[in-house]
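Fold and contact review
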Amino acid sequence: MLQVLACGAVVFPGLFLAFRRILPCVFKHWSDADVVLVSERLVSSIHAIMATTAGVIVVSSCRGNIINDRHWLATYFVIWYGVPYMTYDIFAMYLSHFYRFRVKGHEDYKQHSLRTINSFIRKEFLLVLHHIALLTILLPITLFFRRDQGDFFIGCLFLTELSTPFVSLGKILIQLSLQDCWLHKANGGMVLLTFFVCRIALFPYMYWVYGQHYGIPLYSVPFHLPLTANLGNSCILAPQVYWFVLLCRKGYRLYKRSRSQDSSPTATITDNAKED
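The rules behind these values
Residues numbered from 1 in each chain as written. Predicted model: local features only at pLDDT ≥ 70, side-chain atom pairs only at ≥ 80, totals over all residues. Heavy atoms only, no water. UniProt positions renumbered as here; feature names shortened; annotations may be inferred. Helix = DSSP H or I, 4+ residues; strand = E, 2+ residues; numbered from the N terminus. Rg over C-alpha atoms; globule rule 2.2 N^0.38 Å. Buried < 20%, exposed > 50% of the residue type's maximum accessible area, 1.4 Å probe, protein only. Contact = heavy atoms within 4.5 Å. Areas by Shrake-Rupley, 256 points an atom, 1.4 Å probe, with all protein chains shown as cover. Lys, Arg positive; Asp, Glu negative; His and termini not counted. Charge placed at Lys NZ, Arg CZ, Asp CG, Glu CD. Core = buried A, V, L, I, M, F, W, Y, C linked by side-chain atoms within 4.5 Å.

- Under an unreviewed UniProt entry, the protein chain has the name Ceramide synthase and belongs to Xyrichtys novacula.
- Regarding the protein chain, the relevant UniProt record gives this comment under Subcellular location (unreviewed entry): "Membrane".

In structure tokens:
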């Protein structure tokens with residue numbers, strides 16, 4: 001019973017509803033769109049901290065033999081928290097999209113409808129596809145196709161969530177009108193650093209560790225792995241590279257603007273990215 005009550009299907013929607021009740025009492029001038037956005041970001045940060053912690057535990061426990069060492073979190077975190085969170089987050093993103101356009105006065109957003117859902121899917125297609133891919137690829141691999149091997153690499157994938165709290169903090173600082181403070185600038189740097197290290201450089205690192213285990217050079221690792229493994233990694237890596245390029249472009253634009261105006265940038269570099 002305690003395990004069921006603690007699982008993500010209860011925790012994440014419960015936290016979201018709690019934040020939606022608490023935030024309007026603290027920030028009375030916020031609209032529904034503001035409350036939903038910050039609530040979504042807070043829950044995303046909590047999940048990211050949990051996933052990163054689980055990743056550190058699994059990776060540190062399985063370094064002896066990266067293929068055969070086991071840790072129970074590699075499977076159970078995906079079942080009890082990973083899958084429920086990804087399912088919940090699609091719904092939370094839709095609510096954020098709905099209230100954002102409703103506040104702007106769009107006629108179609110007076111109530112939920114197939115048209116608003118279709119608009120959300122079109123606008124956030126890559127994010128929705130990313131979540132669905134994790135649900136349909138990562139879950140079956142974790143449960144059925146690993147043959148009880150590779151917990152180390154599952155732990156590495158958990159570590160990709162390290163950048164999410166920084167992305168969320170950037171949006172929350174904007175919401176609090178603190179985009180000109182030093183914390184926002186420092187957070188922007190941490191977004192770029194953690195995103196690159198944990199969502200892009202992590203994949204060559206996993207290939208390198210695999211090569212070290214079998215005594216083969218890095219460039220030979222893709223030919224040593226099954227085609228499905230390479231395709232799966234490519235599907236996960238490709239949107240991360242795309243989002244990182246968007247982050248760098250926006251960061252560069254803000255840098256040029258600050259130089260030309262001799263003032264701090266007033267926008268965040270995290271608008272076009274989100275951590276899974």
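That covers the picture; the talk isn't over yet.
**Some words on the overall build of the protein chain**
- If you tally the helices and strands in the protein chain, you get 11 helices and zero strands.
- For the protein chain, whose C-alpha radius of gyration is 20 Å, the value lies close to the compact-globule estimate of 19 Å for 276 residues.
- Taken along its principal axes, the extent of the C-alpha atoms in the protein chain is 60 × 55 × 30 Å.
- Across the 276 residues of the protein chain, 46% fall into the buried class.
- The contacts in the protein chain between residues at least 6 apart in sequence include a share of 72% that link residues at least 24 apart.
- Taken as a whole, the protein chain presents about 14,700 Å² of accessible surface, with 66% of it coming from carbon and sulfur.
- A distance of 4 Å separates the average location of the 25 positive side-chain charges in the protein chain from that of its 16 negative side-chain charges.

**Points about the UniProt feature "domain: TLC" (unreviewed entry) in the protein chain**
- Here, the residues flagged by UniProt with the feature "domain: TLC" (unreviewed entry) are residues 33-256.
- Here residues 33-256 runs as 79% helix and 0% strand, with 30 Å between its end C-alpha atoms.

**A closer look at the nonpolar core**
- By size, the foremost hydrophobic cluster in this structure holds 63 residues, and its most contacted members are Phe16, Val43, Phe77, Tyr88, Phe152, Phe153 and Met206.
- Contributions of two or more residues to this core are made by α2 (8-26), α3 (32-61), α4 (73-103), α6 (125-145), α7 (151-158), α8 (164-175), α9 (182-214) and α11 (227-261).
- Here the element with the most residues in this core is α4; it accounts for 16 residues.
- When near neighbours in sequence (up to four residues on either side) are disregarded, Met206 contacts Phe153, Cys156 and Leu157.

**What to know about the UniProt feature "transmembrane region" (unreviewed entry) in the protein chain**
- Following the UniProt record, the feature "transmembrane region" (unreviewed entry) maps to residues 73-95, 125-146, 186-207 and 227-248 here.
- The straight-line gap between the two end C-alpha atoms of residues 73-95 is 31 Å; of that span, 100% is helix and 0% is strand.
- Counted over residues 227-248, helix gives 100% and strand 0%. Its end C-alpha atoms are 31 Å apart.

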